[in-house]
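One letter stands for each residue in the lines below.
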Amino acid sequence: MLPTRGYATKDPISVLEPFNFERRELGPHDVLIEILYCGICHSDIHQARDEWGGSIFPMVPGHEIIGRVTRVGSQVKRFKIGELAGVGCFVDSCRVCASCKAGLEQYCEGHLVLTYNGTEKDKKMPTYGGYSSQIVADENYTLKISSQLPLAGAAPLLCAGITTYSPLRHFKVGPGQRVGVVGLGGLGHMAVKLAASMGAEVTVLSTSKTKEEDAHRLGAHNFVVSRDAKNLEALANRFDFILDAVSAPHDLNAYLNLLRRDGVLVLVGVPAKPLQVEAFSLILKRRRLTGSAIGGIRETQEMLDYCAAKNIASDVEVIPIQQVNEAWERTIKGDVRYRFVIDMKTL
Ligand code: NAP
Ligand code: ZN
Ligand code: ZN
């Protein structure tokens, strides 16, 4: 077993504290990655506070992992010692179901092994995430990271990047389309950069007036303060596609009404409580409401390569791990521009 240092929370109401644990020995297809940076996703907070139910404690969060390979198993072909590597939201899956076979492992119908707050393939041993010194992962679930990308800015691509890239691609967002992004946080700011890079006209719908200048810098063409109902009413029937990346309860109907006929609203944000949908919000214009979860390994690699080629990375505030609890509080308040990333050297 490999002694590993990390930060964990022992229950839904405690703060994160130093925690020592053990990683498994490398199997023939495993790589050992020394973690350099790990992003802070709002999902880390939802799960650590058990807002979605079923959380496993102690919990070492973190699924936006960038590091360097320090050891490889005997059969490893894709990685060499010293190479950069990335790990996202899952580290294995059943590999035999229809979704796994289609390269959509995130929708695995068997057992998806989450990077943390899950169990290994034996369905017993808990998994621990990236707020830690090192991780062991199967090479087939480990991503290649271009040296063209800034390392800290690349970490959030492993969740925020792929979660926004995947629905933009699935719904073929591109030139001539009007895209709305609701909530300018970690996911939202990546959605703006990616949708703008794909040629869409992007409008940010935000509760924070102070983010207007940033929104334009990130590539948005329009910025609307969503707290004022009149601002939203003026945009009725406007958008082809809306990506909703809000982490807290909000009125979905106000945004559905901004879609044109046959427009699509994709939920990626996961508020702790159910959202209400008025039947007429969908019926009157045959609008579609759907959701999307992260992305498969193949598409995550495609997104990473796309970002490297287009010089796209996350706007990050790098922090030492000792400030992680404060960073969580600031994330909850929406006070992050636009992703906290932990410098794991400080662990
Ligand atoms: P984040 O950085 O905290 O951003 C959330 C944004 O939502 C905030 O910046 C804020 O934007 C807006 N917001 C927050 N509280 C609000 C409120 N009370 N009313 C209206 N707007 C509010 O979070 P994130 O890391 O981007 O994650 C966003 C959500 O996506 C979380 O629920 C997370 O769990 C989920 N997620 C889902 C997936 C998936 O696979 N589907 C993957 C990763 C994360 P403004 O200031 O602009 O209003
Ligand atoms: Zn995440
Ligand atoms: Zn599967």
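Residues numbered from 1 in each chain as written. Chains lettered and ligands numbered in written order. Predicted model: local features only at pLDDT ≥ 70, side-chain atom pairs only at ≥ 80, totals over all residues. Heavy atoms only, no water.

**Q** Report on the packing of helix H4 (residues 160–170) against helix H10 (residues 297–310), specifying residues and quantitative values.
**A** For any two helices packed against each other, one specifies the inter-axial angle together with the distance between the axes. Put simply, H4 and H10 touch, their axes get as near as 10 Å, and they point 100° apart. In terms of orientation, H4 lies roughly perpendicular with respect to H10. Taking contact as the criterion, the partners of Gly 161, Ile 162, Tyr 165, Ser 166 and Arg 169 in H4 are, on H10, Glu 299, Thr 300, Glu 302, Met 303 and Tyr 306. Taken together, the residues of the contact of H4 with H10 sort by class into 4 nonpolar, 3 polar and 3 charged. (Axes fitted to C-alpha atoms, helices over the stretch in contact; angles between N-to-C directions. Helix = DSSP H or I, 4+ residues; strand = E, 2+ residues; numbered from the N terminus. Parallel < 35°, antiparallel > 145°, perpendicular 65-115°, else oblique. Contact = heavy atoms within 4.5 Å. Nonpolar A, V, L, I, M, F, W, Y, C, P; charged D, E, K, R; others polar.)

**Q** I'd like to hear about the coordination of the zinc ion (ligand 2), residue by residue, with values.
**A** Six octahedral donors at a metal ideally form angles of 90 or 180 degrees, and four tetrahedral donors ideally form angles of 109.5 degrees. The protein atoms donating to the zinc ion (ligand 2) are Cys 41 (SG), His 63 (NE2) and Cys 159 (SG), with metal-donor distances spanning 2.0 to 2.3 Å. Mapped onto the sequence, the residues coordinating the zinc ion (ligand 2) show the spacing C-x21-H-x95-C. In this pair, Cys 41 sits in the loop between strand S3 (30–39) and helix H1 (42–48) while His 63 sits in the loop between H1 and strand S4 (65–72), placing the two residues 22 residues apart along the sequence. The exposure class of Cys 41 is buried, given its relative accessible area of 3%. (Donors = N, O, S within 2.8 Å, 3.2 Å for Na, K, Ca; no water. Buried < 20%, exposed > 50% of the residue type's maximum accessible area, 1.4 Å probe, protein only.)

**Q** Before we move on, could you go through the pattern of salt bridges and cite the residues and values that matter?
**A** Counting across every chain of the model gives 22 salt bridges. Where Arg 238 meets Glu 201, a salt bridge forms, and the shortest distance between an N and an O atom there is 2.6 Å. Within this pair, whereas Arg 238 is found in the loop between helix H7 (229–233) and strand S13 (239–244), its partner Glu 201 is found in strand S11 (residues 201–206), the two being separated by 37 residues in sequence. (Salt bridge = Lys/Arg side-chain N within 4 Å of Asp/Glu carboxyl O.)

**Q** Please give an account of the environment of Arg 169 that cites residues and values.
**A** Along the chain, Arg 169 falls in helix H4. Residues Arg 169 and Ile 242 lie 73 residues apart in sequence; the distance between their C-alpha atoms is 13 Å. Ignoring anything within four residues of it in the chain, the contact list for Arg 169 reads Met 198, Glu 299, Glu 302 and Tyr 306.

**Q** Just give me the short version of the coordination of the zinc ion (ligand 3), but keep the residues and values in it.
**A** Protein-derived coordination of the zinc ion (ligand 3) comes from Cys 94 (SG), Cys 97 (SG), Cys 100 (SG) and Cys 108 (SG), at a distance range of 2.3 to 2.4 Å. For the zinc ion (ligand 3), the 4 donor atoms in the first shell make angles of 103 to 119° at the metal, so the coordination geometry reads as tetrahedral. Sequence positions of the donors to the zinc ion (ligand 3) reduce to the motif C-x2-C-x2-C-x7-C. One end of the pair, Cys 97, is in the loop between strand S6 (90–92) and helix H2 (98–101); the other, Cys 108, is in the loop between H2 and strand S7 (113–114), and 11 residues separate them in sequence. Exposure remark for Cys 97: the relative accessible area of 11% places this residue in the buried category. (Tetrahedral: all angles 85-135°; square planar, octahedral: opposite > 155°, others 65-115°.)

**Q** Talk me through helix H11 (residues 324–332); I want residue IDs and the actual numbers.
**A** Among the residues of H11, those classed as buried are Val 324, Ala 327, Trp 328 and Thr 331. Take H11 and look down its axis: the buried residues cluster within an arc of 105°, on one side only. Check the buried side of H11 and you find it contacts strand S1 (2–8), H1, strand S16 (316–320) and strand S17 (339–343). Directly after H11, the chain includes Gly 334, whose backbone phi takes a positive value near 80°. (Arc of directions from axis to C-beta.)

**Q** Report on the site of ligand 1, specifying residues and quantitative values.
**A** Within the structure, ligand 1 sits among 28 residues, and His 42, Ser 206, Thr 207, Ser 208 and Arg 339 are positioned closest to it. At a separation of 2.6 Å, an oxygen atom of ligand 1 approaches a polar side-chain atom of His 42. A distance of 2.9 Å separates a nitrogen atom of ligand 1 from a polar atom in the backbone of Ser 292. Its free accessible area being 920 Å², ligand 1 has 88% of it covered by the protein chains. Residue assignment for the shell around ligand 1 shows that the elements contributing at least two residues are H1 and helix H5 (186–197). It is H1 that provides the largest number of residues to the shell around ligand 1, a total of 3 residues. Taken together, the residues of the shell around ligand 1 break down into 12 nonpolar, 14 polar and 2 charged. (Near = heavy atom within 4 Å. Polar contact = N/O pair within 3.5 Å; in protein donor to acceptor, adjacent residues only side chain to side chain. Areas by Shrake-Rupley, 256 points an atom, 1.4 Å probe, with all protein chains shown as cover.)

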